[in-house]
Amino acid sequence: MFENLNWWEIGALLLLALLIFGDRLPTVINDGLRMVRNLRAMARNATGDLSRELGTDIQLEDLHPKAFIRKHLLSEEDEQAIRKPLQSMYDGLRADVSGVHDDLKEVAKAADVRNTTRPITATGSTAPAPAPRASYDDAT
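Residues numbered from 1 in each chain as written. Predicted model: local features only at pLDDT ≥ 70, side-chain atom pairs only at ≥ 80, totals over all residues. Heavy atoms only, no water.

(A) Representation of the overall build of the chain in the model. Scanning the chain from N- to C-terminus turns up five helices and zero strands. Listed by position from the N terminus, the elements making up the chain come as α-α-α-α-α. The 140 residues of the chain split such that 6% are buried. The contacts of the chain with a sequence gap of at least 6 include a subset with a gap of at least 24, amounting to 0%. For the chain, the computed accessible surface area is about 13,000 Å², with 61% contributed by carbon and sulfur atoms. (Helix = DSSP H or I, 4+ residues; strand = E, 2+ residues; numbered from the N terminus. Buried < 20%, exposed > 50% of the residue type's maximum accessible area, 1.4 Å probe, protein only. Contact = heavy atoms within 4.5 Å. Areas by Shrake-Rupley, 256 points an atom, 1.4 Å probe, with all protein chains shown as cover.)

Next comes the structure, spelled out in structure tokens:
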């Protein structure tokens, strides 16, 4: 929860909480913790009631609609039948994207200025090498 905050920011938040709530800070913390405990108990009771009503063991993670349908309503064969046309489309799209990626690599390699081969001009000879540029470091 606090992975984005460093110790200084957490300390500043605690100091701000102390300034806002003053002497009531311990009771505010107790009330907050009690609320979190009550919410967890409500979630446990709701999953227990749902498990009892459906006759299966349901975890809190199973309440996501996709996971619920996949786990409790679809059989393995139904899931494979649904995935089969989508999987072939995905494989075709992946092959197309990898082909475009390879083409772009070839174009980038051909356009690379650091390439040691010089392009051939219309007369059949190689183009003269460009004159080296003076860099800022050379001038100073």
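(B) Structural context of the side chain of Thr47. Relative to the elements of secondary structure, Thr47 occurs in helix H2 (residues 25–54). Exposure remark for Thr47: the relative accessible area of 12% places this residue in the buried category. Here the side chain of Thr47 touches Arg44 through a polar contact of 2.9 Å, landing on its backbone oxygen. (Polar contact = N/O pair within 3.5 Å; in protein donor to acceptor, adjacent residues only side chain to side chain.)

(C) Representation of the pattern of salt bridges in the model. One pass over the structure, following the stated rule, counts two salt bridges. Among the ionic pairs, Arg34 bridges to Asp31, the shortest N-O distance being 3.0 Å. Here the residue Arg34 and the residue Asp31 both occupy positions in helix H2, the gap between them amounting to three residues, near one helical turn. The class of Asp31 is partly exposed, set by a relative accessible area of 42%. (Salt bridge = Lys/Arg side-chain N within 4 Å of Asp/Glu carboxyl O.)

(D) A look at helix H4 (residues 76–110). Compared with the 51 Å implied by 1.5 Å per residue over 35 residues, the 49 Å span of H4 between its first and last C-alpha is a close match. Most pronounced at Lys84, the bend in H4 amounts to some 35 degrees, and the proline Pro85 follows within four residues. (Expected span 1.5 Å × (residues − 1). Bend = angle between axes of the 7 residues up to and from the residue.)

(E) Region of interest: helix H1 (residues 7–21). With 15 residues, H1 should reach 21 Å at 1.5 Å per residue; the first-to-last C-alpha distance of 21 Å fits that figure. The N-cap of H1, judged by a side-chain oxygen 3.1 Å from the amide nitrogen of Trp8 a few residues on, is Asn6. Downstream of H1 by one or two residues, Gly22 has phi in the positive range, about 60 degrees.

(F) A look at a nonpolar patch on the surface. Nonpolar side chains collect at one region of the surface, where Leu5, Leu13, Leu16, Ile20, Phe21 and Val28 lie side by side and expose about 480 Å² of accessible area between them. Broken down by element, the residue count for the nonpolar patch peaks at four residues, all from H1. Along the chain, the position of Leu13 falls in helix H1. Judged by relative accessible area, Leu13 falls into the partly exposed class, the value being 47%. (Patch = residues over 30% accessible without salt bridge, like charges linked within 9 Å, V, L, I, M, F, W, Y side chains within 5 Å.)

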